[in-house]
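Results of the structural survey
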Amino acid sequence: MNWIAFKMLTGNRGKYLGIILGIAFATLLIAQQASIFCGLMLQTSGQIRDIQGAGIWVMDPNVQFSDDIKPLSDSDLYRVRGVPGVSWAVRLYKGLTRSRLEDGNFQQTILLGLDDATLVGAPPNMILGNLFDLRKPDAVIMDLEGYQLLWPGEEPRIGKRFEMNDHEAEIVGICKASRTFQTFPVVYTRYSQALEFVPPERKVLSFVLADAEKGADVNEVCRRIQEQTGLRAVTGEQFEWITIWYFWRNTGIPFNFGITVALGFVVGTAIAAQTFYLFTIENIKQYGALKAMGAGNWSLMAMILLQAMLVSVTGFGLGIGAATWFGTIANAPGSRLAFYMPLEVFVATGLAVIAIGMLSSLLSMQRVMVVEPAVVFQG
Amino acid sequence: MNGNNATPLVTCRDVVKTYGSGNAEVHALRGVDLDVYPGELTMLVGPSGCGKTTLLSVVAGILRPTAGSVSVLRTDLTHLSSWRRTAFRRDHVGFVFQQFNLLPALTAAENAAVPLVIQGRSRRTALARSKELLDQMGMADRVSSLPGKLSGGQQQRVAIARALIHHPHLLVCDEPTSALDAKTGHTILELLRSIAVEGDRAVMIVTHDSRIFEFADTLARMDDGHIVSVERKNGRDKHEIDNQAIAS
Ligand SMILES: Nc1ncnc2c1ncn2[C@@H]1O[C@H](COP(=O)(O)OP(=O)(O)OP(=O)(O)O)[C@@H](O)[C@H]1O
Ligand SMILES: [Mg+2]
C-alpha cells in the first residue's frame, strides 16, 4: 500500500508542493529564529572566548556575567598565586571607556588591559600589525569591526590616533574579535597602560586569569581557589555558560525568540494541516473505494502517516537548506547578524517538524477513519 | 447453470434498512427476500430511490442491515464485526461502480492491481497479474495510461479487471453502464457476461437501463423498498410476488 500512498501524494503536484512549502516555511522560521537566538547567546559570551591562554577565570563571587565587573584588589592576585596547583596567575582589566575621535565625536569602547609581562589574553587573530608593539607607549590594538565603526569607509591602518580619558592612544595593530553583544569597539592594551585610559579608581583589577599546573585537574584547582580565597574561580567554558544563562534568565531575548519559534510552529502546522486535510478530503472517495475493496482502517492510517512523513522530511530538508543559506549570509564578513545552528537546533527543528506532520495528519486520519465505504456508490 | 434446487450464494431474508432516525427516517428496504445464485447474472431493477443501491451495499457487506438476515457464502454478514466485514469484502467481493472510482494517480495496470495489493501481495506480483488480465480484455496497449487519459469505456474495463483480479465469489456492479453511451454500455455488459459470470461466482448488477435487461439470468424488480417480482429466464421458472401481500 505504501507505493499507492506515495503515488496518491505525488499525483497531485500542486497540493503536494503546497504542503511541502508550508512545512519548509515552518522549518525555516523555527530553525532560523532558533539559530539567531543561539547566535545572540553566543555573542554574549564572545569576549570570554576571545581571551585565550588562560584556563581559569577568577572573579568576585557576585559577578553574574562577563560584563558585570566587580573589581578585585591586588592582594587577591597574590592569594590566587598562593593556591597549590596554580601554575600562574595574571591581571586582566576589563572596562568601558569613552573614545574621542579627531572630529570631537565620542564612542563607548570596551577596554581590555593585558598583563604587561606576558600579554595573556591577547587577541589570537591579528589582521594588521604586531602584537608585541603593544609594549610601545600608548599602544593599542583595535578590532576590525570597531575600527570600521569609528572610521567608516576608511581603509584600516596602523598609526591612527584617538583619545581615551584625555590620553592619546595609537593603534599599532588591528585584530579580529568575536562580535559582541553591545557592538562596541574592542581595544586591547597593556594593564598599566589601561589604567591611564580610564579615570582613577581605588580598585581596578577586573579578573585574575590563571592556569592549573600540568597534570592537575582544573576543576579541582578552581575548587581550591574558591576555598582558600573566597573568590569565584571557573573555567572559561563555565564562565561562558554562566554568562549565557544570565542573559537567558534576565532578558526578554529567549521569550521573544520563543514566541517567534512557537509562531513558526503554529503557522506551519496550520498551513500544513489545512493543505494536507484538503488534500485528503479531495481524495476521500478514493479512500472510500479502498475501504469498500477491503482496505482496513489501519492500512489507510499508515498510508496517511507515510504521506505526512514524506512531506515533512522533504519540507524539512528544504527549510533547513534555506535556513543554512540565510546563515551563511548572516555570518558573512561585515554582517552584524548573529547566526549559529548547533546540532541541538537541527534536531529540535526536526522533531518539531515531525510533530507538525503528525498533527497535520491527525485530522485527515480522523476523516478517513469515519468515511463510510458506501460513499463509493453515491454519484 | 443452476436449477431452482442449487444453493444460493446470497440469501436475504426480511432485510430492512432504515437510514436516519426520528423525522428524518428513510425506509430504504422494507423487508427484502432475495436469493442470488452462483454462475448467474442477477439484475436489480426499479425506479430511482427504490433501494437498489442500498440492497447491493447490504449484500456486499458495506452496509449493515437494520433488521433481517443477509448471508453470503454461508457467512452471516449481519453479525460480523466491521473488521470482519472488511476482510470479507477484501477476500470475496469485487466492485464495479457507476463512476469507475479509479485512483487518478495510478496507471490502468496499477489500478487493476489494487485488490491484490490490499490482500498483501507484492507490487510486482500484483502488476504482473493485472497486466495479464488487461491484456485479455484488449487493453494491452493502455496498461500504463492514467485514468484521465482513458475513455469511459476503457476506464470501466479497468474497473472490471480490478473487480475480478482477486477472483471474488461475488461481483457487485452499481449502474456500470449509465455513465457510458449505449453502444459502449452494451460492450461492457457483453464483457461482464463473458468473463465475470462463472461457475462459482454470482454477479449482481443494479441498473435502470432496460436495454441491457436481456443479459440477465434473473431479473429482480424493486419498488419502494420491496422486491416486487423475480423473473428467472432461460427456461427457468418465473414467479411474481404479490406486492399487496407484502404490504399487508
Ligand atoms: N446515506 C443515506 N442517508 C439517508 N437516506 C439515504 C441514504 N442513502 C440512500 N438514502 C435513501 O434511501 C432510499 C433508497 O436509496 P438507494 O440509493 O438505495 O436507491 P436507488 O434505488 O439506488 O436509487 P437510484 O436509482 O437513484 O440510484 C432513497 O430514498 C434515498 O434517498
Ligand atoms: Mg443507486
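Reference entry: report on the structure contained in this document. (Residues numbered from 1 in each chain as written. Chains lettered and ligands numbered in written order. Predicted model: local features only at pLDDT ≥ 70, side-chain atom pairs only at ≥ 80, totals over all residues. Heavy atoms only, no water.)

Here we take up the overall build of chain A. Within chain A, the secondary structure is distributed over 12 helices and 10 strands. Here chain A has a C-alpha radius of gyration of 29 Å; the compact-globule value for 379 residues is 21 Å, and the former is much larger. Taking all 379 residues of chain A together, the buried fraction comes to 51%. A total of about 16700 Å² of accessible surface is found on chain A, and carbon and sulfur atoms cover 60% of it. Mean positive and mean negative side-chain charge positions of chain A (30 and 32 charges, respectively) differ by 9 Å. (Helix = DSSP H or I, 4+ residues; strand = E, 2+ residues; numbered from the N terminus. Rg over C-alpha atoms; globule rule 2.2 N^0.38 Å. Buried < 20%, exposed > 50% of the residue type's maximum accessible area, 1.4 Å probe, protein only. Areas by Shrake-Rupley, 256 points an atom, 1.4 Å probe, with all protein chains shown as cover. Lys, Arg positive; Asp, Glu negative; His and termini not counted. Charge placed at Lys NZ, Arg CZ, Asp CG, Glu CD.)

On to the site of ligand 1. Residues and elements named next belong to chain B. As a matter of local geometry, ligand 1 sits amid 13 residues, with Ser 48, Gly 49, Lys 52, Thr 53 and Thr 54 nearest to it. Measuring from an oxygen atom of ligand 1, one finds a backbone N or O atom of Gly 49 at 2.8 Å. In the model, an oxygen atom of ligand 1 is placed 2.5 Å from a nitrogen or oxygen of the Thr 54 side chain. Coverage of ligand 1 by the protein chains reaches 61% of its 630 Å² of free accessible surface. (Near = heavy atom within 4 Å. Polar contact = N/O pair within 3.5 Å; in protein donor to acceptor, adjacent residues only side chain to side chain.)

All names here are of chain A. In contact at an axis separation of 10 Å, helix H10 (residues 284-292) and helix H11 (residues 297-330) are set at 145 degrees when each is read in the N-to-C sense. Between H10 and H11 lies a crossing whose hand is right-handed. Between H10 and H11, the residues in contact are Tyr 287, Leu 290 and Lys 291 and Asn 297, Leu 300, Met 303, Ile 304 and Gln 307, respectively. (Axes fitted to C-alpha atoms, helices over the stretch in contact; angles between N-to-C directions. Left-handed = near helix turned anticlockwise from the far one by under 90°. Contact = heavy atoms within 4.5 Å.)

Take the pattern of salt bridges next. According to the stated counting rule, one finds 26 salt bridges over all chains in the structure shown. In this structure, the salt-bridge partner of Glu 110 of chain B is Lys 7 of chain A, at a minimum N-O distance of 2.8 Å. On the criterion of chain membership, the pair formed by Glu 110 of chain B in helix H3 (residues 108-118) and Lys 7 of chain A in helix H1 (residues 2-11) is interchain, its members lying in two chains. Two residues, Asp 116 of chain A and Arg 190 of chain A, come together in a salt bridge whose shortest N-O distance is 3.7 Å. Of this pair, Asp 116 of chain A sits in the loop between strand S3 (106-114) and strand S4 (126-129) while Arg 190 of chain A sits in strand S8 (residues 186-190), and the two are 74 residues apart along the sequence. Three or more residues are tied together by salt bridges with common partners; here these are Glu 220, Arg 223, Arg 224 and Glu 227 of chain A. (Salt bridge = Lys/Arg side-chain N within 4 Å of Asp/Glu carboxyl O.)

With that settled, the discussion passes to the pairing of strand S3 (residues 41-45) of chain B. Along any regular strand, the residues point their side chains to alternate faces of the sheet. Residues and elements named next belong to chain B. Of all five residues that make up S3, five are buried, and the element is covered over most of its length. Here S3 shows two buried faces, one formed by Leu 41, Met 43 and Val 45 and the other by Thr 42 and Leu 44. Here S3 runs beside strand S8 (residues 202-207); their pairing, made up of five bridges, is parallel. Each residue of the ladder has a partner; that of Leu 44, found in S8, is Val 206. Pairing geometry for S3 and strand S9 (residues 218-223), over four bridges, is parallel. Residue pairing in the sheet places Leu 44 in a bridge with Ala 220 of S9. (Pairing = 2+ DSSP bridges.)

Here we take up the state of the cysteines. Such a bond, covalent and formed between the sulfur atoms of two cysteines, is termed a disulfide. Residues and elements named next belong to chain B. Counted according to the given criterion, the structure contains zero disulfides over all chains. We note that Cys 12 lacks a disulfide partner, and the nearest cysteine sulfur, in Cys 50, lies 14 Å from it. Taking the relative accessible area as the measure of exposure, Cys 50 reaches 2% and is therefore buried. (Disulfide = S-S within 2.5 Å.)

Residues and elements named next belong to chain B. If you trace the four strands from one edge of the open sheet to the other, you get S2-S1-S4-S5, paired in antiparallel fashion. Where the open sheet ends on each side, the last strands, each with one partner, are strand S2 (26-36) and strand S5 (75-76). In the sheet, strand S1 (residues 10-19) pairs with S2 via eight bridges, with the strands oriented antiparallel. Bridged to Val 10 within S2 is Val 36.

Before going further, it helps to spend a moment on the nonpolar core. Ranked by size, the top nonpolar core spans 121 residues in total, and within it Ile 4 and Leu 290 of chain A together with Leu 34, Met 43, Leu 55 and Phe 95 of chain B carry the most contacts. Contacts of Leu 55 of chain B, omitting those with residues within four sequence positions, involve Cys 12, Leu 29, Val 32, Leu 34, Leu 44, Met 222 and Ile 227 of chain B. Phe 162, Val 204, Cys 222 and Leu 231 of chain A belong to the second largest nonpolar core, which has 36 residues in total. (Core = buried A, V, L, I, M, F, W, Y, C linked by side-chain atoms within 4.5 Å.)

A word on the interface of chain B and chain A. Interfaces are often sized by the accessible area lost when the parts come together. Each partner contributes to the interface: chain B provides 26 residues, whereas chain A provides 21 residues. Of all residues in chain B, Ile 62, Leu 103 and Ile 118 of chain B give up the largest surface area on contact with chain A, accounting jointly for 23% of the area buried on that side. Counting every contact that joins chain B to chain A gives one salt bridge. Across the contact surface, chain B and chain A share four residue pairs in polar contact (both at pLDDT 80 or more). Of all the elements, H3 of chain B adds the most residues to the side of chain B that touches chain A, at five residues. (Buried area = accessible area lost by both parts, 1.4 Å probe.)

What follows concerns the environment of Ile 227 of chain B. Assignment of secondary structure puts Ile 227 of chain B in strand S10 (residues 226-232). Separated by 24 residues in sequence, Ile 227 of chain B and Val 203 of chain B have C-alpha atoms that sit 18 Å apart.

Attention now goes to the environment of Val 117 of chain B. Within the fold, Val 117 of chain B resides in helix H3. Each C-alpha atom of the pair Val 117 of chain B and His 166 of chain B lies 9.9 Å from the other, and the pair is 49 residues apart in sequence. With sequence-adjacent residues up to four places away left out, Val 117 of chain B is seen in contact with Met 1, Trp 3 and Ile 4 of chain A together with Ala 126 of chain B.

Further remarks concern the environment of Arg 193 of chain B. Residue and element names in this part refer to chain B. Tracing the backbone shows Arg 193 in helix H6 (residues 182-196). For Arg 193, a relative accessible area of 23% translates into the label partly exposed. For the pair Arg 193 and Pro 104, spaced 89 residues apart in sequence, the C-alpha to C-alpha distance is 27 Å.

Below, the discussion takes up the layout of surface pockets. Taken as a whole, the largest pocket holds about 570 Å³ of empty space. Forming the walls of the largest pocket are 25 residues, and the residues nearest its centre are Glu 145, Lys 176, Ala 177, Ser 178 and Arg 179 of chain A. The set of elements that each furnish at least two residues to the lining of the largest pocket consists of helix H2 (13-44), helix H3 (46-50) and helix H5 (144-150) of chain A. Split by residue class, the lining of the largest pocket holds 11 nonpolar, eight polar and six charged. Counting the residues that make up the lining of the largest pocket, at least three belong to each of domain 1 (2-44 + 252-377) and domain 2 (73-230) of chain A. Space inside the second largest pocket adds up to approximately 490 Å³. As for the second largest pocket, its lining consists of 25 residues, and the residues nearest its centre are Asn 297 of chain A together with Ser 82, Trp 83, Thr 86 and Arg 89 of chain B. Only H11 and helix H12 (343-370) of chain A together with helix H2 (82-92) of chain B provide two or more residues apiece to the lining of the second largest pocket. The leading source of residues in the lining of the second largest pocket is H2 of chain B, at seven residues. (1 Å grid on protein atoms, 1.4 Å probe; cavity = no way out; pocket = protein on both sides within 12 Å on 5 of 7 lines; lining within 4 Å. Points joined across faces, edges and corners; volume = space filled by probe spheres on them. Nonpolar A, V, L, I, M, F, W, Y, C, P; charged D, E, K, R; others polar. Domains from an automatic or database assignment.)

That is the geometry; function is a separate question.
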